[in-house]
Amino acid sequence: MNNILFSITNGVGKIVLNRPEVLNSFNMNMAKEMQAALDDCVATSHVRSVLITGEGRAFSAGQDLAAAIEPGVEIKQIVREQYNPIILKLREIEKPVVCAVNGVAAGAGANIAFACDIVLAATSASFIQAFSKIGLIPDSAGTFFLPRLIGLQRASALMMLGDKVTAQQAMEYGMIYKIFPDESLMAEAEKMAAMLATMPTKGIGYTKRLLNASLNHDLKEQLQMEEELQDAAAKTHDHKEGVKAFLEKRKPIFKGE
Ligand code: T3D
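Remember, predicted model here, so these are calculated numbers, not experimental data. (Residues numbered from 1 in each chain as written. Predicted model: local features only at pLDDT ≥ 70, side-chain atom pairs only at ≥ 80, totals over all residues. Heavy atoms only, no water.)

## Looking at the site of the ligand
Part 1 of the argument: Around the ligand, a shell composed of 22 residues is seen, among which Arg 57, Ala 61, Gln 63, Leu 65 and Ala 108 lie nearest.
Part 2 of the argument: For the ligand, a nitrogen atom lies 2.8 Å from a polar atom in the backbone of Gln 63.
Part 3 of the argument: Leu 65 is positioned such that a nitrogen or oxygen atom in its backbone is 2.9 Å from a nitrogen atom of the ligand.
Part 4 of the argument: Within the shell around the ligand, the residues separate by chemical class into 14 nonpolar, four polar and four charged. (Near = heavy atom within 4 Å. Polar contact = N/O pair within 3.5 Å; in protein donor to acceptor, adjacent residues only side chain to side chain. Nonpolar A, V, L, I, M, F, W, Y, C, P; charged D, E, K, R; others polar.)

Right, here's the structure in full:
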């Protein structure tokens, strides 16, 4: 893999977008490498959380616009083969995904961040729905997640105007979870991902499945699904260990099983 860096340490699968000279904008190779790394995180049982960030001063400037106009390249193919699989993999992996937005996140770069479970950002980071400025529509599920995160009015304005949102504003709007000073972002994100990797992975995975389903379910369907998955969670090793450790007044040792 040349376009991303991928490592597994202490249960955390870490993906670093690594084309800093073009602000980690996506070409087909980088998208395929990210997809493969996410597949690896699904398949590797000792990976119990995922951390995504960018190398250099940007998180990602979205599509590599030079790559997008190369002869023979079709935009439809880019969306179908690069971005749609990334978004589906981010939502379907039943392990928590932390995104550390270390700098500007524009276009598909921003929307990939919003598809992650917990988004942290450096104080100097920013978010831009850059699509309208080049005559495109927001893809990578931006039109799905952003209105749900911040409401239709703000999402419409940001997508139509292409205004830059600072990390502070993004947190106030509810687009992201927390911000940290630039120099401490990575340490904080690594700490959070490492902690998640020691938590009851199955229960967290079921929670993610429920949150995904809640985007389309009615109340009765959601209650039914909660009943079923609470039953499944109650049968895990980690539930039994959590209760036992509580009663024995000690720290639980979760196995992710
Ligand atoms: O096929 C399709 O297009 C469909 C898929 C669409 C998905 C999308 O993501 S569409 C949106 C694509 N992204 C953009 O339109 C954002 C373009 N970039 C910018 O607006 C700015 O670069 C930023 C606001 C992100 C950052 O501005 P700034 O001033 O900090 O940096 P810069 O000077 O503009 O960029 C630094 C370098 O990165 C520069 O190269 P150079 O001059 O040093 O050789 C610049 O050309 C390059 N770069 C930045 N973004 C891209 C890029 N190169 C290729 N593609 C980019 N998206």
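## With respect to the packing of aromatic side chains
What describes a pair of aromatic rings is the distance from one ring centre to the other and the angle between the planes of the rings.
Part 1 of the argument: Scanning all chains against the criterion turns up three aromatic pairs.
Part 2 of the argument: With centroids separated by 5.6 Å and ring planes inclined at 25°, the aromatic side chains of Phe 114 and Phe 127 adopt a geometry described as stacked. Here Phe 127 lies in strand β8 (residues 126-128) and Phe 114 lies in helix α4 (residues 108-114), a separation of 13 residues in the sequence.
Part 3 of the argument: Classification of Phe 114 by relative accessible area gives buried; the value is 5%.
Part 4 of the argument: Assessed through its relative accessible area of 2%, Phe 127 is described here as buried.
Part 5 of the argument: When the ring centre of Phe 144 is taken as origin, the NZ or CZ atom of Arg 148, which lies over that ring, is 3.8 Å away. (Phe/Tyr/Trp six-rings, centres within 6.5 Å; stacked < 30°, edge-to-face > 60°. Helix = DSSP H or I, 4+ residues; strand = E, 2+ residues; numbered from the N terminus. Buried < 20%, exposed > 50% of the residue type's maximum accessible area, 1.4 Å probe, protein only. Lys NZ or Arg CZ within 6 Å of the ring centre and 35° of its normal.)

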